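Overview (structure and organization)
Residues per chain are reported as follows:
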Amino acid sequence: MAQLPLLAAACLACTLAMFGTGLSDLRQMLATKSVENIQFLPFLTTDVNNLSWLGYGCLKQDWTLITVNTIGAALQTLYILAYLYYSPAKRPVLLRSLLLLAVLATGYGYFTLLIADTRTRLARLGLFCSVFTISMYLSPLADLAKIVRTKSTRCLSFPLTIATFLASTSWTLYGLQLRDPYITVPNVPGIVTSVMRFWLFWRYPPGQDKPYRPLHA
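For the structure given in this document, a descriptive report is provided here. (Residues numbered from 1 in each chain as written. Predicted model: local features only at pLDDT ≥ 70, side-chain atom pairs only at ≥ 80, totals over all residues. Heavy atoms only, no water.)

Following the criterion strictly, the structure yields 11 aromatic pairs and no others. Between the aromatic rings of Phe158 and Phe198, the centroid separation amounts to 5.9 Å while the plane-to-plane angle is 70°, which identifies the pairing as edge-to-face. Placement of the pair is Phe158 in helix α8 (residues 158-178) and Phe198 in helix α9 (residues 181-203), with a sequence separation of 40 residues. Judged by its relative accessible area of 39%, Phe158 is partly exposed. Look at Phe198 and you get partly exposed, because its relative accessible area is 26%. For the pair Phe165 and Phe198, a centre-to-centre distance of 5.6 Å together with 75° between the ring planes defines the contact as edge-to-face. Residue Phe165 is located in helix α8, and its partner Phe198 is located in helix α9; the two are separated by 33 residues in the primary sequence. By relative accessible area, Phe165 is classed as partly exposed at 26%. Aromatic ring contacts, followed pair by pair, group Phe158, Phe165, Phe198 and Phe201 into a single cluster. (Phe/Tyr/Trp six-rings, centres within 6.5 Å; stacked < 30°, edge-to-face > 60°. Helix = DSSP H or I, 4+ residues; strand = E, 2+ residues; numbered from the N terminus. Buried < 20%, exposed > 50% of the residue type's maximum accessible area, 1.4 Å probe, protein only.)

Structure below.
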């Protein structure tokens, strides 16, 4: 357990670096006063993920989880508010945000009112967090298949790939140290998908994208 403080620091630094990649979207929204080419769903799902892990960290009394996910949830909420402010179609964004609040309220009621035993509550919340995190890591697989078809990695962010790989690796090792499968298991797909992205960057370097040539009749 001597390595635990070092792993906790690595988890904090790498995860905050991963969250910080969203600051470029925030700067773009502030500069252009527009949400063009910016997706709202990643902000929303990451916020749900952060708040879920925050609840797990509070139950487990793990200050690494609490610190990381408090900052993460605050950042994602800031991105959501900025998107809502600059979005011309505010109704769908607002409805999705209200749906998020409804889901969180329902989850809070379920885990706090219907499950009295703390150990059972921790296990079920950990299972939910794990499944949700795995689904987030696996969701870009369709984009990776598109990259193989187009032989172009222009839509991938290399800094985000590095941050995701380091964060996933740190959390996997942290979970192993704590012998907590709910932390270890969901971060393994993050390592796998990051390695796949590294391979795609090697196979299809951004500077060697094939130019588009129109077909001639």
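Glancing now at the packing of helix α3 (residues 41-60) against helix α6 (residues 118-138). Axis separation between α3 and α6 bottoms out at 9 Å; the angle between their running directions is 155°. On the basis of the axis angle, α3 is roughly antiparallel to α6. Two packed elements cross with a definite hand, and for α3 against α6 that hand is left-handed. Seen from α3, the contacting residues are Thr45, Thr46, Val48, Asn49, Ser52, Trp53, Gly55, Tyr56, Leu59 and Lys60; seen from α6, they are Thr118, Arg121, Leu122, Leu125, Gly126, Phe128, Cys129, Ser130, Phe132, Thr133 and Met136. Its residues assigned to classes, the contact of α3 with α6 comprises 10 nonpolar, nine polar and two charged. (Axes fitted to C-alpha atoms, helices over the stretch in contact; angles between N-to-C directions. Parallel < 35°, antiparallel > 145°, perpendicular 65-115°, else oblique. Left-handed = near helix turned anticlockwise from the far one by under 90°. Contact = heavy atoms within 4.5 Å. Nonpolar A, V, L, I, M, F, W, Y, C, P; charged D, E, K, R; others polar.)

We now examine the side chain of Asn50. Mapped onto the elements of the fold, Asn50 is located in helix α3. On the basis of relative accessibility, which here comes to 2%, the residue Asn50 falls in the buried class. Beyond its immediate stretch of four places on either side in the chain, Asn50 contacts Phe19, Asn69, Gly72, Ala73 and Gln76.

All right, on to α8 then. Taking 1.5 Å per residue, 21 residues should reach 30 Å; α8 reaches 30 Å between its end C-alpha atoms and fits that length. By the burial criterion, the buried members of α8 are Thr161, Ala163, Thr164, Ala167, Ser168, Ser170, Trp171, Thr172, Tyr174 and Gly175. Tucked inside the fold, the buried residues of α8 contact α1 (4-20), α4 (63-86), α6 and α9. Measuring from the backbone nitrogen of Leu160 back to the side-chain oxygen at the start of α8 gives 3.2 Å, which picks out Ser157 as the cap. Of the residues one or two after α8, Arg179 is the one with positive phi, at around 55°. (Expected span 1.5 Å × (residues − 1). Polar contact = N/O pair within 3.5 Å; in protein donor to acceptor, adjacent residues only side chain to side chain.)

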